[in-house]
Protein chains: 2
Amino acid sequence: MEENETFECCDEVHDEVVEKVSSQMPPDEILYDLAELFKVFGDSTRVKIICALFESEMCVCDIAQVLGMNQSAISHQLRVLKQARLVKYRREGKTVYYSLADSHIQAIFNQGFEHITE
Amino acid sequence: MEENETFECCDEVHDEVVEKVSSQMPPDEILYDLAELFKVFGDSTRVKIICALFESEMCVCDIAQVLGMNQSAISHQLRVLKQARLVKYRREGKTVYYSLADSHIQAIFNQGFEHITE
DNA sequence: TGTTCATATGAATAATTGTTCATATGTATA
DNA sequence: TATACATATGAACAATTATTCATATGAACA
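The rules we used
- Residues numbered from 1 in each chain as written.
- Chains lettered and ligands numbered in written order.
- Predicted model: local features only at pLDDT ≥ 70, side-chain atom pairs only at ≥ 80, totals over all residues.
- Heavy atoms only, no water.
- Pairing = 2+ DSSP bridges.
- Helix = DSSP H or I, 4+ residues; strand = E, 2+ residues; numbered from the N terminus.
- Least-squares fit on C-alpha atoms with pLDDT ≥ 70 in both.
- Contact = heavy atoms within 4.5 Å.
- Buried area = accessible area lost by both parts, 1.4 Å probe.
- Salt bridge = Lys/Arg side-chain N within 4 Å of Asp/Glu carboxyl O.
- Polar contact = N/O pair within 3.5 Å; in protein donor to acceptor, adjacent residues only side chain to side chain.
- Nonpolar A, V, L, I, M, F, W, Y, C, P; charged D, E, K, R; others polar.

Novice: Would you take a moment to explain the pairing of strand S2 (residues 87–92) of chain B for this structure?
Specialist: As a general feature of sheets, a regular strand has side chains that alternate between the two faces. Residues and elements named next belong to chain B. Alignment of S2 against strand S3 (residues 95–100), held across six bridges, turns out to be antiparallel. Bridged to Tyr89 within S3 is Tyr98. The antiparallel hairpin formed by S2 and S3 contains two residues in its connecting segment, where Gly93 sits at a positive phi of about 65°.

Written as structure tokens, this is what we have:
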């Protein structure tokens, strides 16, 4: 890979715009992390889990009941949500109660909801 | 599939909570659409395209230059963004200029950014 | 300590998806 | 109309991922 490689494309590249935009792009790492975060929201099972947790903290098998799915599937997805720091949990005997980790989640959902319903 | 099927899980289902939460869940279709929307944000190429368009409208090959990717890849992704009504475009001769469709996108990005940087 | 049970996890499978290559479309101009 | 060129699209391939099944972990309690 060469430095300043130009990619085979069209001849009508607007150099000033390209340079200005390029210089203002956030670091790749940030953009990658952002995509990873949204990827977590991009699955209907996880969206349902999050929506359910808006209402109340719940144990794994409660969530499984609400979604009509088995315990293993929910547990796998809770792990993904946990790794993205979107849910937290507390243990009470054998039971583990999950809840939402912060308020950005609601804000993101609200904006998303506004987009799809307009 | 039976009506009111209970899924094999644990015996410790908290019925009141499950019923309350179940009754307050938005329709599946909404939750599915929401997941589909976030799925669009869940790819780093598309995140980069959106970030680039925050700065300026651009033609396809400008975007390709900024991202260091080929024209076809960008065009495919622009189609996904278009279908999700996240970008709009205008034609000027042979050139097609893309720009962001609405302001929810910025709001969603800001919240996402706050989540990953805290 | 041994059993029960809620939850977690590993492996396997099926489905989805991003990129590339090749080519099509459609606009401008000679 | 023929050519050039920006963009779009279809097919193919590789990679990722959601779910299931089977089993492991670890807490409570007899």
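Novice: Explanation requested: the relation of the copies chain A and chain B in the structure shown.
Specialist: Put simply, the two copies of the chain differ by a rotation about an axis and a shift along that axis. For the pair chain A and chain B, the relating rotation is 180°, the translation along its axis is 0.0 Å, and the fit reaches an RMSD of 0.0 Å. A rotation of that kind, with that shift, is consistent with a two-fold axis. Here 100% of the contact residues of chain A are again contact residues in chain B; the copies associate through an equivalent surface.

Novice: Explain the interface of chain A and chain B here, please?
Specialist: By a frequent convention, interface size equals the accessible area lost on bringing the separate parts together. Contacts between the two partners involve 65 residues from chain A, matched on the other side by 66 residues from chain B. Summed over both partners, the interface of chain A with chain B buries about 5700 Å², with 70% contributed by carbon and sulfur atoms. Put simply, chain A and chain B have two salt bridges between them. Seen at the junction of chain A and chain B, the total is 17 residue pairs in polar contact (both at pLDDT 80 or more). Mapped by element, the contributors of at least two residues to the side of chain A that touches chain B are helix H1 (15–24), helix H2 (28–41), helix H3 (44–55), strand S1 (58–59), helix H4 (60–67) and helix H6 (104–117) of chain A. Per-element accounting of the side of chain A that touches chain B gives the leading share, 11 residues, to H2(A). Grouping the amino acids of the side of chain A that touches chain B by side-chain chemistry returns 35 nonpolar, 15 polar and 15 charged.

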